[in-house]
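So you can see what is in the structure, the chains are spelled out below.
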There are 2 protein chains.
Amino acid sequence: MKPNIKDVATLAGVSATTVSRVLNNRGYISEETRNKVYQAMEELHYFPNDVARSLFRKSTKFIGLIFPTTSHPFFGELILNIERICSTRGYKVLLCNSLNDQEKESEYLEMLQRNQVDGIIVGTHNQGTLNYEKIRFPVVAIDRYLSDSIPVVSSDNYQGGKIAAELLLESGCKKIIHICGPQQLKTPANQRTNAFKDVMKNHGIEPVIYELPVNFQQPSTIRMIHKIFDEHQDIDGIFASDDLIAASILAEAYGIGRKIPDDLKVIGYDGTETVQICLPHLTTIRQPIKQIAEKSVSMLIDLIEGKQFERQYEETIPVSIKKGTTV
Amino acid sequence: MKPNIKDVATLAGVSATTVSRVLNNRGYISEETRNKVYQAMEELHYFPNDVARSLFRKSTKFIGLIFPTTSHPFFGELILNIERICSTRGYKVLLCNSLNDQEKESEYLEMLQRNQVDGIIVGTHNQGTLNYEKIRFPVVAIDRYLSDSIPVVSSDNYQGGKIAAELLLESGCKKIIHICGPQQLKTPANQRTNAFKDVMKNHGIEPVIYELPVNFQQPSTIRMIHKIFDEHQDIDGIFASDDLIAASILAEAYGIGRKIPDDLKVIGYDGTETVQICLPHLTTIRQPIKQIAEKSVSMLIDLIEGKQFERQYEETIPVSIKKGTTV
DNA sequence: ATGAAAGCGCTAACAA
DNA sequence: TTGTTAGCGCTTTCAT
């Protein structure tokens, strides 16, 4: 059904080797032969079989992507950028949504190995540690410490947390609360919380922190927000380590009649386009998504192609603040 | 470096065939041999090479996904669901973000063919028509008419448009405007606009419709909203055919001091989780994303596996309304 | 300038 | 119960 290189060769009246030469532009081929081959390929709607090529070349030009979910705006944008850059550089993307489930991540990891990907980019958060050490091809992590030998790309989380905390203080907040993700996960994102603590302590304030459970969903976020409003009537500032959490805070605050930013100031984290379209007034720390994508892809491809590069095992990219009217 | 089946065979003291038999659980193998093989695989950290298997089996178990972008919440959620279902059913996903660019779509299409995907799911919108006819494996489209022989899965767009238009009328709107995507694209989504027109005409009202350009971005959306507020001071209802457009309308209305829903009622389309978290009060037509994903994947796999099924070439799934407080 | 043969890693006849 | 052989579609020596 699908024509192969031999079909093309037969139709063009040459050998498969010659067709291969035309395909790869290698060695000497007469113009005449070349044209005959092109014509035959055209006529048969021939496409070279990359499976066979990959087998021979021992390189698939596949890059595996393991992320929690494309449905979260941060990952959706990040994955868009990563995939586009890969495509431009001749790599194809195998997508894996781990949903932060350890078992799924492990299955995906095996699948990617079986499929001979040239490398993978991981951005999931799990409690346990999988065998990323034993993997026989390059791995780059985004916002996650996997092992000593696996490079990590992340934005400057400490700086982000610091900017947020200081902005709230400068804006006159007296009682600030920070909502963060699970701290037991080994991720540079914990630096946001560390920065918050440091800033508070430097100002002689005991930091108040609420930590979400591993794999929190919308309901637990809402419950936590209720709890916070309940336990701290005098709260006047919240730093959420994710825009969607910030969004929920705004909604809940609105529900109980707190005026933003007069009664309560809110600052989020990520600064994705989607959330900015939905909530253009949200003040947030903007992650440099495009640069994170560029850096991680170029690091990975450098590793794959064996480029000599000073192995910098932690790449930190500056964040910026997007001032809205919620602070 | 990477061990192959022969390395395993040698270590286990058997032939490659025997290892293959163990791997595939075929034929008779003595318990003893089986254990030796398992042990050897373990020792070498052996994973079967799926590239070689695919070449032999003439099936890759790859499904290609061509969508505009994972960064849009609707596609982000849709792609999450599609990928998860594929994974459960033993298929792997090659992700392509076409950005609605015809040339990119064409390149991706060729890439997928070269990589011998077993099938593809397409959800992009382009003006021109690519050669989906000539493709030699199954294709399923979501919200797009590609050719007579390619099945289309979509939600009940006409119903969605009807519900939205009628709700605005019932709520007392006198001057309703509809913002829609480019109508020249051949997509079932145009039914939303047709329904709007029909409902308005049935009520003796001349429908007012603003059409966004092909590949509209946020700036052109904002410009169009300004234009609408400018040209129609008496507007009291808007039906936007996308939640992100609705979100921008809310923001702009807020900016010029129009009270929602008293001065202006707004209804969106899609009902994604992300937008619902950001704007829980938004009234919107909710697309059954999960079912769309299930239907398109199962149709595609049925086609791939040659299941006899009554070829229903247009699958329409009911929508529902999510009532918020913007109407 | 072109072709024949071997091999990438795997599986399925066919033999034994 | 196990092994030998051929072949999936391609590319690359090595000949000619």
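Residues numbered from 1 in each chain as written. Chains lettered and ligands numbered in written order. Predicted model: local features only at pLDDT ≥ 70, side-chain atom pairs only at ≥ 80, totals over all residues. Heavy atoms only, no water.

### Some points on the protein's contact with DNA strand C
- Close to DNA strand C lie 26 residues; Arg21, Tyr28, Thr33 and Lys58 of chain A together with Ile5 of chain B are nearest.
- Among all atoms of DNA strand C positioned within 4 Å of the protein, those belonging to sugar or phosphate total 67%.
- At 3.0 Å from a phosphate oxygen of DNA strand C is found a side-chain nitrogen or oxygen belonging to Ser20 of chain B.
- Tyr46 of chain B has a polar side-chain atom sitting 2.5 Å from a phosphate oxygen of DNA strand C. (Near = heavy atom within 4 Å. Polar contact = N/O pair within 3.5 Å; in protein donor to acceptor, adjacent residues only side chain to side chain.)

### Digging into the interface of chain B and chain A
- Counting residues at the interface gives 58 residues for chain B, matched by 58 residues for chain A.
- Between chain B and chain A, the buried area comes to about 5,200 Å², and carbon and sulfur atoms account for 63% of it.
- There are 0 salt bridges connecting chain B and chain A.
- Along the contact surface separating chain B from chain A lie 24 residue pairs in polar contact (both at pLDDT 80 or more).
- Broken down by secondary-structure element, the contributors of at least two residues to the side of chain B that touches chain A are helix H4 (50–57), helix H5 (73–88), strand S2 (92–97), helix H6 (102–114), helix H10 (243–255) and helix H11 (273–278) of chain B.
- It is H5 of chain B that provides the largest number of residues to the side of chain B that touches chain A, a total of 8 residues.
- Of the residues assigned to the side of chain B that touches chain A, the class counts are 29 nonpolar, 17 polar and 12 charged. (Contact = heavy atoms within 4.5 Å. Buried area = accessible area lost by both parts, 1.4 Å probe. Salt bridge = Lys/Arg side-chain N within 4 Å of Asp/Glu carboxyl O. Helix = DSSP H or I, 4+ residues; strand = E, 2+ residues; numbered from the N terminus. Nonpolar A, V, L, I, M, F, W, Y, C, P; charged D, E, K, R; others polar.)

### What to know about the sheet that holds strand S10 (residues 283–286) of chain B
All names here are of chain B.
- In spatial order, the strands read S7-S6-S8-S9-S10-S12; together these 6 strands make up an open sheet with mixed pairing. Looking at the sheet topology across the chains shown, the edges are occupied by strand S7 (208–211) and strand S12 (320–322). Adjacent strand axes in the sheet meet at a mean angle of 20° when their direction is disregarded.
- Where strand S9 (residues 265–270) meets S10, 4 bridges bridge the pair, whose relative direction is parallel. Within S10, the residue paired with Tyr269 across the bridge is Ile285.
- Relative to the sheet, helix H7 (residues 157–170) contacts strand S6 (176–180), strand S8 (237–240), S9, S10 and S12, its axis offset from that of S9 by approximately 170°.
- Contacting S6, S7, S8 and S9, helix H8 (residues 190–202) crosses the sheet at an angle of about 165° to S6. (Pairing = 2+ DSSP bridges. Axes fitted to C-alpha atoms, helices over the stretch in contact; angles between N-to-C directions.)

### A short note on the sheet that holds strand S12 (residues 320–322) of chain A
Residues and elements named next belong to chain A.
- Reading across the sheet, the 6 strands line up as S7-S6-S8-S9-S10-S12 and stay open at both edges, with mixed pairing between neighbours. Each having just a single partner strand, strand S7 (208–211) and S12 make up the two edges of the open sheet. Direction aside, the axes of adjacent strands within the sheet are offset by 20° on average.
- Relative to strand S8 (residues 237–240), strand S6 (residues 176–180) is paired through 4 bridges, and the arrangement is parallel. Bridge pairing links His178 to Phe239 in S8.
- Helix-sheet contacts for helix H8 (residues 190–202) involve S6, S7, S8 and strand S9 (265–270), and the interaxial angle to S6 is about 165°.
- Here helix H9 (residues 218–231) sits on the sheet and contacts S6 and S7; the angle it forms with S7, its principal contact strand, is near 155°.

### A closer look at the domain arrangement of chain A
- Partitioning chain A into domains gives domain 1 (5–48), domain 2 (62–154 + 290–316) and domain 3 (157–287).
- The distance between the C-alpha centroids of domain 1 of chain A and domain 2 of chain A comes to 38 Å. (Domains from an automatic or database assignment.)

### Section: the side chain of Glu77 of chain A
- Summarising the element assignment, Glu77 of chain A is placed in helix H5 (residues 73–88).
- With no salt bridge to any partner, buried Glu77 of chain A finds its closest opposite charge in Arg286 of chain A, at an N-O distance of 8.1 Å.
- Not counting the four nearest positions on each side in its chain, Glu77 of chain A is found in contact with Thr272, Glu273, Thr274 and Ile289 of chain A together with Ser71 of chain B. (Buried < 20%, exposed > 50% of the residue type's maximum accessible area, 1.4 Å probe, protein only. Lys, Arg positive; Asp, Glu negative; His and termini not counted.)

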